[in-house]
Amino acid sequence: MQMAMSTDVLRLTSRERALTELDDIEDLVQTHRARLLRFVTFSLGDEDLAASIVQDCFVKAWTNRHNFRGDCSVQTWLHSIALNLVRDYQRTQKFRFWKQVRKTAADVTEIAGMLPSAASSPEEQLLARERAREVATILQTLSLNQRTAFVLRFQEEMDLGDIATTMGMPINTVKTHLHRAVRTVRARMGGRR
Amino acid sequence: MNFGHLNDEQFANILAGDHSDLRVRHHLESCAKCQKELNSLGAAIGDLNYASLRWAEQRAVRVAVPSRWMLNWNSTASWGATLAGVLLFGVAIGAHMQIGQQNTAVAVRPAHMLSAPSQDELAKDNDLMLSINNELTEQVGGQVPVSDLNVSSHTVHRSDVSEVF
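Model, not experiment: these values are computed from the prediction.

Section: helix α4 (residues 74–91) of chain A
Taking 1.5 Å as the rise per residue, α4(A) with 18 residues should run 26 Å; its terminal C-alpha atoms sit 26 Å apart, in good agreement. By the criterion of burial, α4(A) is predominantly enclosed, with 13 of the 18 residues buried.

Set out below in structure tokens:
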């Protein structure tokens, strides 16, 4: 009983801490915007749309901050809001229009070009950029669920429980999406027998 | 025990830094092919993570801090929507109650009219009651009551007197 009480107290404390973090909108945006922007850009493949969704995500998080129960981290909560917005946009005609226009599609070559150039030889840099570009291109061919599971696991470095919370799915379903994503990436990268 | 190359699940776990499976660890130590594939894919994912985060940090300046006006407007809009919903509900309930009252009024009207009849109706009722009374009086006068069959002399006398008149 004492242990249950201490767990409740810990949860309450973490919730209060998280609410304080959520109250300061400037700090919240500064801390999480880059990772959220990357996540949404990889989810949709469109830079302008991703920036708009991330902005909406912060507004929604701040407006509904009192509904945050403290069961997960603020980062996981923000990612789940962003993913819901991505799903909403994908369902609407608005996204189909954006998808057709694709004027601001994220350029994977540009992303891969962000690798550091001082530490290695020009050949190694070229190879590294090519590998990164290849993975980014393969990710675009995955389904949204497979891509989301892959990005949350290997880019955001979330554990399976947090990914399940973010995606609103059981852990086993998350594992299935993740393994299918890895299978595709391995096969396209030429590693799978 | 024969252990094949890493499957997708084992590969995903190792990529994510989970080295808890001893058989997988032993296999990786002895299998150059899996090791090479893991290193290659791990490096590719690592490079992409690094590059994409740098890219996102540069582009993130486009995501401005939402203004107080926008945040307040958002909460005002949600409150407004709630208020509009409550008002609509109230109007609907009001309209429903008004229709109910009209129906009740229609149903109650005849009872109300019966409780306060007009003067004409009262006069008609009085005439009717008077005519019924007269009929009854005439019927009683024409018939000989059973009690009169055992009449006394006094009663007979009174009858006789009444016949005279």
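With respect to the pattern of salt bridges
A full pass over the atoms with the stated rule returns 13 salt bridges over all chains. Of the charged contacts in the structure, one is a salt bridge between A:E47 and B:R59, with a shortest N-O distance of 2.3 Å. Here A:E47 is found in helix α3 (residues 47–63), whereas its partner B:R59 is found in helix α3 (residues 32–59) on a different chain. Here A:R69 and A:D71 are joined by a salt bridge, their closest N and O atoms 2.9 Å apart. Note on A:R69: relative accessible area 59%, which makes it exposed. A cluster of three or more residues bridged by salt bridges with shared partners is formed by A:E47, A:D48, B:R59 and B:R62.

Thoughts on the environment of A:L36
Residue and element names in this part refer to chain A. Tracing the backbone shows L36 in helix α2 (residues 25–44). On the basis of relative accessibility, which here comes to 0%, the residue L36 falls in the buried class. Separated by 42 residues in sequence, L36 and L78 have C-alpha atoms that sit 7.9 Å apart. Once residues within four sequence positions are removed from consideration, L36 is found in contact with V54, C57, F58, L78, H79 and A82.

Some details on the packing of helix α9 (residues 160–167) of chain A against helix α10 (residues 171–188) of chain A
All names here are of chain A. Packing of α9 against α10 brings their axes to within 9 Å, and their N-to-C directions diverge by 100°. By the angle between their axes, α9 is roughly perpendicular relative to α10. Here L160, G161, I163, A164 and M167 of α9 come into contact with α10, specifically with I171, V174, K175 and L178. A breakdown of the residues in the contact of α9 with α10 according to their chemical character gives seven nonpolar, one polar and one charged.

Focus: the interface of chain A and chain B
At the junction of the two partners, chain A supplies 45 residues and chain B supplies 43 residues. Approximately 4,300 Å² of surface area, both sides summed, lies buried where chain A meets chain B, with 65% of it carried by carbon and sulfur atoms. For the pair chain A and chain B, the number of links is seven salt bridges. Of the charged contacts, one joins A:R186 and B:E37 as a salt bridge, the two residues approaching to 2.7 Å between their closest N and O atoms. Taken together, the links from chain A to chain B amount to 15 residue pairs in polar contact (both at pLDDT 80 or more). Of all the elements in the fold, those that place two or more residues in the side of chain A that touches chain B are α2, α3, α6 (108–112), α7 (122–141), α8 (144–154) and α10 of chain A. No other element matches α2(A), which puts 11 residues into the side of chain A that touches chain B. Broken down by class, the residue content of the side of chain A that touches chain B amounts to 25 nonpolar, seven polar and 13 charged.

Thoughts on α2(A)
Residues and elements named next belong to chain A. Helix length check: α2 (20 residues) gives 25 Å between terminal C-alpha atoms against 28 Å at 1.5 Å per residue, more than 12% under. At H32, α2 shows its largest kink, close to 50°. By the criterion of burial, α2 is predominantly enclosed, with 15 of the 20 residues buried.

Cut-offs and rules
Residues numbered from 1 in each chain as written. Chains lettered and ligands numbered in written order. Predicted model: local features only at pLDDT ≥ 70, side-chain atom pairs only at ≥ 80, totals over all residues. Heavy atoms only, no water. Helix = DSSP H or I, 4+ residues; strand = E, 2+ residues; numbered from the N terminus. Expected span 1.5 Å × (residues − 1). Buried < 20%, exposed > 50% of the residue type's maximum accessible area, 1.4 Å probe, protein only. Salt bridge = Lys/Arg side-chain N within 4 Å of Asp/Glu carboxyl O. Contact = heavy atoms within 4.5 Å. Axes fitted to C-alpha atoms, helices over the stretch in contact; angles between N-to-C directions. Parallel < 35°, antiparallel > 145°, perpendicular 65-115°, else oblique. Nonpolar A, V, L, I, M, F, W, Y, C, P; charged D, E, K, R; others polar. Buried area = accessible area lost by both parts, 1.4 Å probe. Polar contact = N/O pair within 3.5 Å; in protein donor to acceptor, adjacent residues only side chain to side chain. Bend = angle between axes of the 7 residues up to and from the residue.

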